[in-house]
Amino acid sequence: MIQPNYTEKSLIPYSADYAFQVQRLESIKHNLILDLKCTKRMRVCLFCKSRYKTYLFFLSLFFLLSTLACCLFFQRNDYGDLWSLKVINDFKQHGFTFLFLATNFSWALVYRLLSFFFSFSILATITAFICSCRVFFTSAFFYVVTIKRFTHSSIHTVLWYVLLNAAIVFADVIFFTESQKFHSATKTKDFKLLTVRYCLFFAFYLCTVVFFLYRQLLIAVSVF
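Residues numbered from 1 in each chain as written. Predicted model: local features only at pLDDT ≥ 70, side-chain atom pairs only at ≥ 80, totals over all residues. Heavy atoms only, no water.

A. Quick look at the nonpolar core. By size, the foremost hydrophobic cluster in this structure holds 48 residues, and its most contacted members are Phe105, Phe136 and Leu217. Contributing elements (two or more residues each) for this core: α3 (52-75), α4 (77-94), α6 (106-118), α7 (124-147), α8 (155-181) and α9 (191-223). Considering every element that reaches this core, the biggest residue donor is α7, with eleven residues. Setting aside its immediate chain neighbours within four residues, phenylalanine 136 contacts Phe58, Leu61, Phe62, Leu65, Asp172, Val173 and Phe176. (Core = buried A, V, L, I, M, F, W, Y, C linked by side-chain atoms within 4.5 Å. Buried < 20%, exposed > 50% of the residue type's maximum accessible area, 1.4 Å probe, protein only. Helix = DSSP H or I, 4+ residues; strand = E, 2+ residues; numbered from the N terminus. Contact = heavy atoms within 4.5 Å.)

So, in structure tokens, the structure goes:
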């Protein structure tokens with residue numbers, strides 16, 4: 001039987017390549033690609049590799065909730081029509097103001113803010129999941145109740161409206177992915193720098209979504 005020898009220390013030669021590989025694996029594990037030796041292209045590849053499963057999860061969740069939204073619309077199409085007309089009429093009356101957003105799309109802002117603030121805690125994953133379900137379902141329902149009125153519109157108008165909605169969904173998927181992953185950054189020494197970047201990312205994301213929503217409403221007004 002082999003007995004361990006605690007009196008002697010073994011020397012493990014240092015290898016820069018081995019240390020670099022370990023650091024890269026740790027970065028992928030914590031979803032933070034911080035290796036300075038990596039080229040920009042490699043860092044982008046590693047970044048996508050660390051997140052692609054989460055991207056697929058939220059995309060699959062969106063398609064599932066979109067199907068449920070379509071089923072709900074077929075069951076309650078009167079409610080959908082009244083709601084879409086109310087949103088468009090309020091937009092015509094008040095314009096794209098804070099009052100209009102707070103009255104008709106307060107849920108969209110609240111759930112996104114919740115996901116942002118809870119991304120700093122251990123509840124980041126469950127909060128991102130719940131908030132994304134609410135955002136995806138309501139966004140899909142609004143899209144379904146408005147797109148049916150584009151039957152007599154030009155193909156360019158329909159295509160532009162669909163692309164705007166796809167851009168909003170894509171931005172939401174990226175945001176909820178980052179909010180779900182950001183908690184792992186609290187364990188790193190670059191937490192302050194990453195927090196600043198994350199806050200700037202959230203501000204840019206929110207402004208982008210609001211702008212796309214504004215463009216969607218402008219197109220919807222011309223159709224309703």
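Back to the write-up after that little detour.
B. Examining the layout of surface pockets more closely. Estimates place the volume of the second largest pocket at around 420 Å³. Lining the second largest pocket are 22 residues, with Phe105, Ala108, Leu109, Arg112 and Leu213 sitting closest to its centre. For the lining of the second largest pocket, the secondary-structure elements that each account for two or more residues are α5 (98-104), α6, α7, α8 and α9. Of the residues forming the lining of the second largest pocket, the biggest block, six residues, is contributed by α6. Partitioning the lining of the second largest pocket into residue classes produces 16 nonpolar, five polar and one charged. (1 Å grid on protein atoms, 1.4 Å probe; cavity = no way out; pocket = protein on both sides within 12 Å on 5 of 7 lines; lining within 4 Å. Points joined across faces, edges and corners; volume = space filled by probe spheres on them. Nonpolar A, V, L, I, M, F, W, Y, C, P; charged D, E, K, R; others polar.)

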